[in-house]
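Fold and contact review
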Amino acid sequence: MTDNASVQIFTDETWATWEPLIEAVRPRGKTPPKQLRRTISAIFWRHQNGAKWRSIPAELGPWWRAAQLFNRWAKQGVWERLLDLVQQRGVALGITFLDGTSIRAHHKAAGAQKRGSTARSETRVRRLAALAGAGAPRPA
């Protein structure tokens, strides 16, 4: 995964690793998702940056499409299945280290559990985005 002026999240090489995994777990409906690579990139971008859905860059498509796909897949358990599949296959996507000294919580953060059907999926997608981001070469 890269993050430069063109906001390219998945390189061709990285997408070649992720696409079969996503195709294995995604639900089959009447119509396949439009521009799946771009939409998944928007979802990962949002979870990597901790931004709101409406803050997704325009290059990654409409924010509402990413939010809608994330919510639908969260309710169907797709993100959990994707994380399990990545862990089972031992896909070498890299490692991310977080240093606690650089992480600050908002003053209103009290540590309460999120409610709702998407709370667990948000955690799973953050982990997937971190795995994908760690495996990509960094720009010089």
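Structure report, in brief. If you're wondering where the values come from, they're calculated on a predicted model, not measured in any experiment. Each chain has its residues counted from 1, running along the sequence as written. The predicted nature of this model means local features are confined to residues of pLDDT at least 70 and side-chain atom pairs, given and counted, to a pLDDT of 80 or more, with totals for whole chains, interfaces and linings taken over all residues. In computing side-chain properties, one takes all heavy atoms of the structure into account and sets aside hydrogens as well as water.

**Section: the overall build of the chain**
Under the scheme used here, helices are H or I runs from DSSP no shorter than 4 residues and strands are E runs no shorter than 2 residues, and both carry numbers assigned from the N terminus. Counting its secondary structure elements, the chain contains five helices and zero strands. Ordered by position from N to C terminus, the α and β elements of the chain give α-α-α-α-α. A total of 140 residues make up the chain; the buried ones form 39% of that total. Between two residues, a contact is recorded if the distance between any of their heavy atoms is within 4.5 Å. Across the chain, contacts joining residues at least 24 apart in sequence account for 71% of those joining residues at least 6 apart. Methods summary: accessible areas were calculated by the Shrake-Rupley approach with a probe of 1.4 Å, and residue burial reflects only the protein chains presented. Surface accessibility of the chain: about 9100 Å² in total, with carbon and sulfur atoms responsible for 50%. Note on exposure labels: buried denotes an accessible area under 20% of the residue type's maximum, exposed denotes more than 50%, and partly exposed covers the range between, all computed with a 1.4 Å probe on protein chains only.

**Let's talk about the environment of K52**
Counting through the fold element by element, K52 comes out in the loop between α2 (36-49) and α3 (63-76). Judged by relative accessible area, K52 falls into the exposed class, the value being 64%. The spacing of K52 and A67 is 15 residues in sequence and 9.8 Å in space, taken between C-alpha atoms.

**Structural notes on the packing of helix α1 (residues 12-25) against helix α4 (residues 78-89)**
Between α1 and α4, whose axes approach to 9 Å, the crossing angle comes to 130°. In terms of orientation, α1 lies oblique with respect to α4. Helix-helix and strand crossings are classified by hand; for α1 and α4 the assignment is right-handed. Residues W18, L21, I22, A24 and V25 of α1 touch α4, and the partners they reach there are V78, R81, L82, L85, V86 and R89. Asp, Glu, Lys and Arg are counted as charged, while Ala, Val, Leu, Ile, Met, Phe, Trp, Tyr, Cys and Pro are counted as nonpolar; the rest, among them Gly, fall into the polar class. Among the residues forming the contact of α1 with α4, the class breakdown is nine nonpolar, no polar and two charged. Between N-to-C directions, angles cover 0 to 180 degrees, with each direction set by a line fitted to C-alpha atoms, over the stretch in contact for helices. Oblique is the label for any angle not covered by the other classes, which are roughly parallel (under 35 degrees), roughly antiparallel (over 145) and roughly perpendicular (65 to 115). Definitions for this section: a left-handed crossing has its near helix turned counterclockwise from the far helix by less than a right angle. A right-handed crossing has that turn clockwise.

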